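Residues per chain are reported as follows:
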Amino acid sequence: MEYGEERVVALVDMDCFYVQVEQRLNPALRNTPCVVAQYKTWKGGGIIAVSYEARDHGVTRNMWVDDAKNLCQDLQVARVRELHGKADLTHYREASVEVIEVMSRFAVIERASIDEAYMDLTAAVQQRLKDMSVNRIDPSLLKTTYIQGYPQSSSELEPHTEDLVFDKEEQRSRGLHQWLASLTPSSLGEQSSAGLQLTVGAFIVEEMRAAVEEQTGFRCSAGISHNKVLAKLACGLNKPNRQTILPLASVTELFNSLPIGKIRNLGGKLGSSITETLGVENMGDLTRFSQAQLELHFGDKTGRWLYDLCRGIEFEAVKPRQLPKSIGCSKNFPGKTSLATKEEVQFWLHQLALELEERLTKDRDVNGRVAKSLTVGVRQLGDKRPSSFSRCCALVRYEATKISSDSFAIIKSLNTAGNQQAAWTPPLTLLHISASKFSDAPSSGGITGFLSTETSLSQSRFSTSQLSNKSSLDAKSVSPCKQQHGTIQSFFQKATERPTIQKDGEEEVSVGGKASPAPKSASESHSGAERRSSDVSESPRRHIKSFFQKRSTERSSSMKNSLNIVEKNNSEDCVPVVSPSRTQCENPDNEQATDVELNPNPPSGASEDLLTCDRCSQEVLAWEMPEHNDYHFAMDLQKSFSSSSSSSAATTSCNISSSSSPPPLRGGVTGSAQSSRVKTKIRGQSGPAAKKLRSQGGSASTLDSFFKKN
Ligand code: DCP
């Protein structure tokens, strides 16, 4: 066995996952060109998942539904549901759990995202090989398996077939036969060849995929190779509903034309830095550099890793993990929708807390565990980082009121306006809260015991005002605000309907002490007043003003009800959840809230459930994806306005640019042409959606037409 060929590692990835979930819910959508769209605002909403039938018509993720319909008249559209004023991913999350459950019967798996999982099949393969009397595998057991690099087309191997044109399935079958014929048979006791091991691994994955389809109705694709990087790469080579073996011997040819950014972990800053530093584009180009050279440029560890990686060798372990390490939710408030008062911050913290409470409760019931740590993150207006600050404290109990009041307490010192003011400065463009640090729920007296202890403990601490506010904090009672989903819509809405700042009756939280100034970035110079001074007065705004004014009043009064008194709690179990940790962990009761460090990682940056954004290559937690997509859709909208409208549009348009923080995430490289999604690339990379839209008549995207449509 050669160095780097010791293991059999697979990645299984669901095909157009959200679409399949919607198709199962509504079978009429099956076998149709179909998309899942987020919100119904501008141009029918933004597309986030596309069936393969729709892809055949040129429909891609990130298009507007209306534009996609121009490409495909029969396009069916399913919509992401909404709850608490934001996207509700419950169906997808639950479907993901079903799939993971089936996969786990076959191997120890590492859930890598909402729809993909790695597995180390080495032990299972050894066992199968022992059980097999003859180490030959019948091609009929590998009905959906491709072998990358096969059929080899040398005239020696295929003396009479150069001129024949094969369709894809014939090619697959020929490649598979050729591969199977090339495998070294091994007898018992003799170590099997790497090729044979991959083949047995592929056989196991065929069984697993069939079981997933039979038991959930969902189809998936897979890659089988010797490590996670190659397995991931292989998985994207022959989607949908197919799997691919990537032997080490086929890596050289593949890497010779594979852009560095397409490799797992190289889609972000490191990939760009390699390209810039060494002046190379493709993975294969790296083999020209010695280990010493790579170490010189990128440090010993990374240099050594790259030296192996460009030869297809990698050793990152598959870490057993089926459950997400964190559960959270977030919401963007771009541009003029940014949160500029304490009331708004509290209101939205509570909306997020309602969702968190619901999901944590379900998780506790299903998985028998409880989270002990609560993390709150924010991004401030003008900040170009994914998250300006995050802080954590003990998660005392699963109750939205408590979660939101503690959340407020630990971030309130970021407000430089001061405790006596109604304002929140600098305004916030992102709020996220998440729970982590899970441990088993107590078994005897179990969860009930846990809860009743907490309840009785807290009852004595619970202030009357908080209790009396509880009912008014119910999601139903805040319906005027609930309707604000659809960021672009609310974005425009907000431009016209800033709620009145309450000068009197402002909350005075009982803990938290003095607000300490948060570090300011240069780009943060837009004060709330400045932003508002750019108010628009052109006709489109006037048209809708009276409509929104009513809402504004409703919203304002509903938000008044959301004021909380922060209660005290203990935070002895307070631990950072981001590793390396730069999150400040604190007691909401902390009188001296010190400045928090900057956090370059995704909030609660556990590595599970990360999706890679096709637009900016950054990795985003699945539960943050709707917000992240929204950011891009808003930027597209802004671009289409600025490209289609003259200066008059500039005055009427909402000033997104004042908040043009890049999308939330890790990795740092932005630029819509970049994508680390290997499979996307291999299927044929599409250019930035915004560009496409403009060329397809996006110039009609004026504010006037926006208001007409909505
Ligand atoms: N997703 C999202 N926004 C994104 C990317 C993905 O909401 N920018 C969601 C919708 C997808 C799911 O995550 O269905 C899984 O993402 P994938 O990138 O794996 O893409 P699909 O499963 O949709 O398609 P494919 O068959 O290409 O994997």
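See the structure shown above.
To keep things clear, this report deals only with the structure shown in the data block. From a predicted model like this one, the values you see are computed outputs, not experimental measurements. (Residues numbered from 1 in each chain as written. Predicted model: local features only at pLDDT ≥ 70, side-chain atom pairs only at ≥ 80, totals over all residues. Heavy atoms only, no water.)

## Section: the overall build of the protein
Then step 1. Looking only at helices and strands, one finds 25 helices and 19 strands in the protein.
Then step 2. Look at the contacts in the protein between residues 6 or more apart in sequence, and 74% of them connect residues 24 or more apart.
Then step 3. Put simply, the protein shows about 28200 Å² of open surface, and 51% of that area lies on carbon and sulfur atoms. (Helix = DSSP H or I, 4+ residues; strand = E, 2+ residues; numbered from the N terminus. Contact = heavy atoms within 4.5 Å. Areas by Shrake-Rupley, 256 points an atom, 1.4 Å probe, with all protein chains shown as cover.)

## Describing the nonpolar core
Then step 1. Residues Tyr-18, Val-36, Met-103, Met-119 and Leu-121 are the most contacted members of the largest nonpolar core, which totals 68 residues.
Then step 2. The element best represented in this core is helix 7 (residues 194-216), accounting for 10 residues.
Then step 3. Sequence-distant contacts of Met-103, defined by excluding residues within four places in its chain, comprise Val-12, Met-14, Ile-109, Ala-117, Met-119, Met-208 and Val-212.
Then step 4. Of all hydrophobic cores here, the second largest spans 34 residues; its members include Phe-347, Leu-356, Val-370 and Ile-411. (Core = buried A, V, L, I, M, F, W, Y, C linked by side-chain atoms within 4.5 Å. Buried < 20%, exposed > 50% of the residue type's maximum accessible area, 1.4 Å probe, protein only.)

## What about helix 11 (residues 291-298)?
Then step 1. Of all the positions in helix 11, only Leu-294, Glu-295 and Phe-298 are classed as buried. Down the axis of helix 11, the sector holding all buried residues measures 100 degrees, keeping them to one side. Opposite the packed face of helix 11, turned more than 90 degrees from it, sit the exposed residues Ala-292 and Leu-296.
Then step 2. After helix 11 finishes, the residue Gly-299 shows a positive phi value of roughly 90 degrees. (Arc of directions from axis to C-beta.)

## Focus on the environment of Gly-85
Then step 1. In this structure, Gly-85 sits in the loop between strand 5 (81-83) and strand 6 (86-88).
Then step 2. On the basis of relative accessibility, which here comes to 3%, the residue Gly-85 falls in the buried class.

## Observations concerning the packing of helix 10 (residues 269-278) against helix 11
Then step 1. Interaxial distance between helix 10 and helix 11 falls to 11 Å at its minimum, and their mutual angle equals 115 degrees. For the element pair helix 10 / helix 11, the angle class is roughly perpendicular. For the pair helix 10 and helix 11, the crossing hand works out as right-handed. Facing Leu-270, Ser-273, Ile-274, Thr-277 and Leu-278 of helix 10, the residues of helix 11 in contact are Leu-294, His-297 and Phe-298. (Axes fitted to C-alpha atoms, helices over the stretch in contact; angles between N-to-C directions. Parallel < 35°, antiparallel > 145°, perpendicular 65-115°, else oblique. Left-handed = near helix turned anticlockwise from the far one by under 90°.)

## A look at the environment of Gln-23
Then step 1. Note that Gln-23 resides in helix 1 (residues 17-25).
Then step 2. Through-space distance from the C-alpha of Gln-23 to that of Ala-78 is 8.7 Å; in sequence the pair is 55 residues apart.
Then step 3. Filtering out sequence-adjacent residues up to four positions away, Gln-23 remains in contact with Leu-29, Arg-30, Asn-31, Thr-32, Cys-34 and Ser-51.
Then step 4. Of note is the side chain of Gln-23, whose polar atom sits 3.1 Å from the backbone oxygen of Leu-29. (Polar contact = N/O pair within 3.5 Å; in protein donor to acceptor, adjacent residues only side chain to side chain.)

## Thoughts on the sheet that holds strand 2 (residues 34-38)
Then step 1. Sheet architecture is open: 3 strands sit in the order 3-2-4, paired in mixed fashion. The strands lining the two open edges of the sheet, one partner per strand, are strand 3 (46-50) and strand 4 (76-79). Between one strand axis and the next, the sheet turns through 40 degrees on average, direction left out of account.
Then step 2. Across 4 bridges, the pairing between strand 2 and strand 4 is parallel. Opposite Val-36, over in strand 4, you have Ala-78 as the bridge partner.
Then step 3. Against the sheet, helix 1 contacts strand 2, strand 3 and strand 4, and its axis sits at roughly 105 degrees relative to strand 2. (Pairing = 2+ DSSP bridges.)

## Brief notes about the packing of helix 4 (residues 90-103) against helix 7
Then step 1. Packing of helix 4 against helix 7 brings their axes to within 9 Å, and their N-to-C directions diverge by 140 degrees. Accordingly, the angle class assigned to the pair helix 4 and helix 7 is oblique. Handedness of the crossing formed by helix 4 with helix 7: right-handed. In this structure, helix 4 contributes Glu-98, Val-99, Val-102 and Met-103 to the contact, and helix 7 contributes Met-208, Ala-211, Val-212, Gln-215 and Thr-216.

## Examining unusual backbone geometry
Then step 1. Tyr-150 connects to Pro-151 through a cis peptide bond whose omega is 0 degrees.
Then step 2. Along the chain, Pro-151 falls in the loop between strand 9 (145-147) and helix 6 (168-182).
Then step 3. In this chain, Lys-239 is followed by Pro-240 through a cis amide linkage whose omega measures -5 degrees.
Then step 4. As for its placement among the helices and strands, Pro-240 is situated in the loop between helix 8 (228-235) and strand 11 (243-245).
Then step 5. The phi dihedral of Lys-43 falls on the positive side, at around 50 degrees, and the residue is not glycine.
Then step 6. Take Lys-43: it is sitting in the loop between strand 2 and strand 3.

## Structural notes on the pattern of salt bridges
Then step 1. Enumeration over the complete set of coordinates arrives at 23 salt bridges.
Then step 2. In this structure, Lys-239 and Asp-13 form a salt bridge, with 3.3 Å as the shortest nitrogen-oxygen distance. Taken together, the positions of Lys-239 in the loop between helix 8 and strand 11 and Asp-13 in strand 1 (residues 9-14) put the pair 226 residues apart, joining distant regions of the chain. Here Lys-239 and Asp-13 have matching classes, each one buried.
Then step 3. With its nearest N and O atoms 3.1 Å apart, the salt bridge here joins Glu-355 to Arg-359. Of this pair, Glu-355 and Arg-359 both sit in helix 13 (residues 342-367), separated by 4 residues, roughly a single helical turn. The burial state of Glu-355 is the same as that of Arg-359; both residues are buried.
Then step 4. Beyond isolated ion pairs, a larger network of salt bridges with shared partners links Glu-110, Lys-228, Arg-264, Glu-316 and Lys-319. (Salt bridge = Lys/Arg side-chain N within 4 Å of Asp/Glu carboxyl O.)

## Things to note about helix 8
In an α-helix, one full turn covers 3.6 residues, which means residues spaced three or four apart are oriented alike.
Then step 1. Burial analysis of helix 8 places 8 of its 8 residues in the buried class, the great majority of the element.
Then step 2. Taken together, the buried positions of helix 8 are occupied by Lys-228, Val-229, Leu-230, Ala-231, Lys-232, Leu-233, Ala-234 and Cys-235.
Then step 3. If you check the start of helix 8, you find a side-chain oxygen 3.2 Å away from the backbone N of Val-229, and it comes from Asn-227.

## Description of the pairing of strand 2
Then step 1. In terms of residue burial, strand 2 counts as a mostly covered element, since 5 of its 5 residues are buried.
Then step 2. Neither face of strand 2 is open: one carries Cys-34, Val-36 and Gln-38, the other Val-35 and Ala-37, and all of them are buried.
Then step 3. Note that strand 2 and strand 3 share 4 bridges and pair antiparallel. Its bridge partner being in strand 3, Gln-38 is matched across the sheet by Gly-46.

## A word on the packing of aromatic side chains
Then step 1. Tallied over the entire structure, the rule returns 8 aromatic pairs.
Then step 2. Residues Phe-17 and Phe-218 carry aromatic rings whose centres are separated by 5.8 Å and whose planes lie at 80 degrees to one another, so their mutual orientation is edge-to-face. A residue pair is termed long-range when its members are at least 10 positions apart, and Phe-17 in helix 1 and Phe-218 in the loop between helix 7 and strand 10 (220-225) qualify at 201 residues. The exposure classification of Phe-17 matches that of Phe-218, with both residues buried. (Phe/Tyr/Trp six-rings, centres within 6.5 Å; stacked < 30°, edge-to-face > 60°.)

## Things to note about the pairing of strand 15 (residues 389-394)
Then step 1. In terms of burial, strand 15 is largely enclosed, as 6 of its 6 residues are buried.
Then step 2. Pairing of strand 14 (residues 369-380) with strand 15 involves 6 bridges; the strand directions are antiparallel. Bridging from a neighbouring strand, Gly-377 pairs with Ser-390 of strand 15.

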